[in-house]
Amino acid sequence: MNLSKNHNELRALLKIHETPITLESELKQKLVETCRKYLNQQRISNQFSIDFLSHFYGQLSVASITFALDHYDNQDWMAQQLQLMNDMQQNLLFKVLPG
C-alpha cells in the first residue's frame, strides 16, 4: 500500500481523538479481530497466547502504519521497517507448528 500519496490526510485522521471512537481505535480493533481469527485457524506454538499475540500485533501494526506515514520519504527507514516486521512475523510471533 502506498501511504505517501495522502500521508498528511491519513496522519491527521489517525490523530483525531475528539470522541471515544477514533479511526485509530477502530483500526486497531479490526486488526486484533482479524489476527485472532487467523491465529485460531493455525497450529501455533503455545509459547504466547493467541489473545496476547492478537493485541500485540494490532498495536504494532498501527504503530507501523503511523511510522510509515511520518517517515514515508526515508526509503532506508522504510526498507528497515519492512524487514523488521517481516522478521518478527516469521521468527517471533507466528511460530507455526509443523503438520
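Our subject is the structure listed above.
Here is a short report on the structure shown in this document. Since the structure is predicted, the reported quantities are computational estimates derived from the model, not experimental observations. (Residues numbered from 1 in each chain as written. Predicted model: local features only at pLDDT ≥ 70, side-chain atom pairs only at ≥ 80, totals over all residues. Heavy atoms only, no water.)

1. Observations regarding the pattern of salt bridges
Test applied: By definition, a salt bridge exists where a carboxyl oxygen of Asp or Glu is found within 4 Å of a side-chain nitrogen of Lys or Arg. Segments assigned H or I by DSSP are reported as helices when at least four residues long, segments assigned E as strands when at least two residues long, and all are numbered from the N terminus. Relative accessibility decides the category of a residue: with a 1.4 Å probe and only protein chains considered, values under 20% of the type maximum give buried, values over 50% give exposed, and everything between is partly exposed.
A full pass over the atoms with the stated rule returns two salt bridges. Of the charged contacts in the structure, one is a salt bridge between Arg-36 and Asp-51, with a shortest N-O distance of 2.7 Å. Residue Arg-36 is found in helix H2 (residues 23-40), and its partner Asp-51 is found in helix H3 (residues 50-71); the two are separated by 15 residues along the sequence. Residue class for Arg-36 comes out partly exposed when judged on its relative accessible area of 25%.

2. Some thoughts on the packing of H2 against H3
The following threshold applies: Fitted lines through C-alpha atoms give the axes, limited to the stretch in contact for helices. The angle between two N-to-C directions lies from 0 to 180 degrees. Should an angle fall under 35 degrees it is called roughly parallel, over 145 degrees roughly antiparallel, and 65 to 115 degrees roughly perpendicular, with every other angle called oblique. Note on convention: the crossing is left-handed when the near helix lies turned anticlockwise from the far helix by less than a right angle, right-handed when the turn is clockwise. Contacts are assigned to residue pairs that have any heavy atoms within 4.5 Å of one another. Residues are grouped as follows: nonpolar covers Ala, Val, Leu, Ile, Met, Phe, Trp, Tyr, Cys and Pro; charged covers Asp, Glu, Lys and Arg; every other residue, Gly included, is treated as polar.
Put simply, H2 and H3 touch, their axes get as near as 8 Å, and they point 135 degrees apart. One element, H2, and the other, H3, form an angle in the oblique class. Viewed along their axes, H2 and H3 form a crossing whose handedness is right-handed. Contacts from Glu-24, Leu-27, Lys-28, Leu-31, Val-32, Cys-35, Arg-36, Leu-39 and Asn-40 in H2 reach Ile-50, Asp-51, Leu-53, Ser-54, His-55, Tyr-57, Gly-58, Gln-59, Ser-61, Val-62 and Ile-65 in H3. For the contact of H2 with H3, the residue count by class is ten nonpolar, six polar and four charged.

3. Section: a nonpolar patch on the surface
The following threshold applies: Patch criteria: residues need more than 30% relative accessible area and no salt bridge. Like-charged residues are merged within 9 Å; nonpolar side chains of Val, Leu, Ile, Met, Phe, Trp and Tyr are merged within 5 Å. Every accessible area reported is derived by Shrake-Rupley at a probe size of 1.4 Å, with residue values counting cover from the shown protein chains alone.
Nonpolar side chains collect at one region of the surface, where Leu-10, Leu-13, Ile-16 and Leu-23 lie side by side and expose about 320 Å² of accessible area between them. Structurally, Leu-10 is set in helix H1 (residues 7-15).

4. Some thoughts on the side chain of Ser-64
As for its position among the elements, Ser-64 is in helix H3. Owing to a relative accessible area of 16%, Ser-64 belongs among the buried residues under this scheme. Ignoring anything within four residues of it in the chain, the contact list for Ser-64 reads Gln-81 and Met-85.

5. A word on the packing of aromatic side chains
Here is the rule: Only centres within 6.5 Å qualify two rings of Phe, Tyr or Trp (six-membered ring in Trp) as a pair; their planes then separate them into stacked at under 30 degrees, edge-to-face at over 60, and tilted for everything else.
For the structure on display, the rule yields three aromatic pairs. Among the aromatic residues, those joined into a ring-pair cluster are Phe-48, Phe-52 and Phe-56.

6. Digging into the side chain of Thr-22
Using the following cut-off: Pairs of N or O atoms are called polar contacts if they sit within 3.5 Å, as long as, within protein, a hydrogen donor faces a hydrogen acceptor (for residues adjacent in sequence, only side-chain-to-side-chain pairs).
The residue Thr-22 is located in the loop between H1 and H2 in this model. Take Thr-22: its relative accessible area is 9%, and that puts it in the buried class. In terms of polar contacts, Thr-22 uses its side chain to reach the backbone amide nitrogen of Ser-25, at 2.9 Å. The residues contacting Thr-22, other than those within four sequence positions of it, are Ile-16 and His-17.

7. Topic: the environment of Gln-29
Note on placement: Gln-29 falls in helix H2. A relative accessible area of 36% means that Gln-29 is categorised as partly exposed. On a C-alpha basis, the gap between Gln-29 and Ser-54 in space is 9.6 Å, while along the polypeptide they are 25 residues apart.

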